[in-house]
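Letter by letter, the chains look like this.
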Amino acid sequence: MVPSTTSLETARLLLRPPAPEDALAMFERYTSDSEVTRYLGWARHSSVADTEAFVSFSQSEWERSSVGPLLVFARDSGRVLGSTGLLLAPPSSAPTGSV
């Protein structure tokens with residue numbers, strides 16, 4: 001289970017781990033967009049099921065290592081803006097990125 005306290009807030013943004021109910025908004029906002037995903041290390045999602053699988057992976061990463069992907073939301077509208085996060089890749093690296 002992802003800790004419920006795993007979030008970061010600024011005056012304009014909220015960052016938190018993805019939840020199953022976020023999959024459709026993620027798919028519509030960026031995971032299905034070929035221009036957004038063109039230079040990323042993962043392929044464009046062709047269905048919401050692909051994004052749901054990513055959410056499941058994200059939850060597994062948080063459970064395994066207490067770090068993982070974070071969604072970025074506009075605080076005023078609640079709209080998904082993109083994502084960022086940190087993954088642990090033993091023994092000594094921790095890749096990060098943003099969309």
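Going by the structure above, here's the rest.
What you see is a predicted model, and the numbers here were worked out from it, not measured in a lab. (Residues numbered from 1 in each chain as written. Predicted model: local features only at pLDDT ≥ 70, side-chain atom pairs only at ≥ 80, totals over all residues. Heavy atoms only, no water.)

Enquirer: A description of the pairing of strand β3 (residues 69–74) should follow, citing residues and the corresponding values.
Expert: Of all 6 residues that make up β3, 6 are buried, and the element is covered over most of its length. Here strand β2 (residues 13–16) runs beside β3; their pairing, made up of 4 bridges, is antiparallel. For Leu15, the partnering residue across the bridge sits in β3 and is Val72. One ladder, built from 5 bridges, connects β3 with strand β4 (residues 80–86); its direction is antiparallel. (Buried < 20%, exposed > 50% of the residue type's maximum accessible area, 1.4 Å probe, protein only. Helix = DSSP H or I, 4+ residues; strand = E, 2+ residues; numbered from the N terminus. Pairing = 2+ DSSP bridges.)

Enquirer: Tell me about the pattern of salt bridges, residues and numbers included.
Expert: This model, assessed by the stated rule, comprises 4 salt bridges. With its nearest N and O atoms 3.8 Å apart, the salt bridge here joins Glu35 to Arg38. For the pair Glu35 and Arg38, a shared accessibility class is recorded, and that class is exposed. A salt bridge links Arg64 to Glu61; its shortest N-O distance comes to 2.8 Å. Of this pair, Arg64 and Glu61 both sit in helix α3 (residues 48–65), 3 residues apart, which is roughly one turn of that helix. For Glu61, a relative accessible area of 10% gives the class buried. (Salt bridge = Lys/Arg side-chain N within 4 Å of Asp/Glu carboxyl O.)

Enquirer: Describe in detail a nonpolar patch on the surface, supporting the description with residues and values.
Expert: Nonpolar side chains collect at one region of the surface, where Val36, Trp42 and Val99 lie side by side and expose about 200 Å² of accessible area between them. Checked against the element boundaries, Trp42 lands in the loop between α2 (34–37) and α3. (Patch = residues over 30% accessible without salt bridge, like charges linked within 9 Å, V, L, I, M, F, W, Y side chains within 5 Å. Areas by Shrake-Rupley, 256 points an atom, 1.4 Å probe, with all protein chains shown as cover.)

All quantities given are derived from atomic positions and should not be read as evidence of function.
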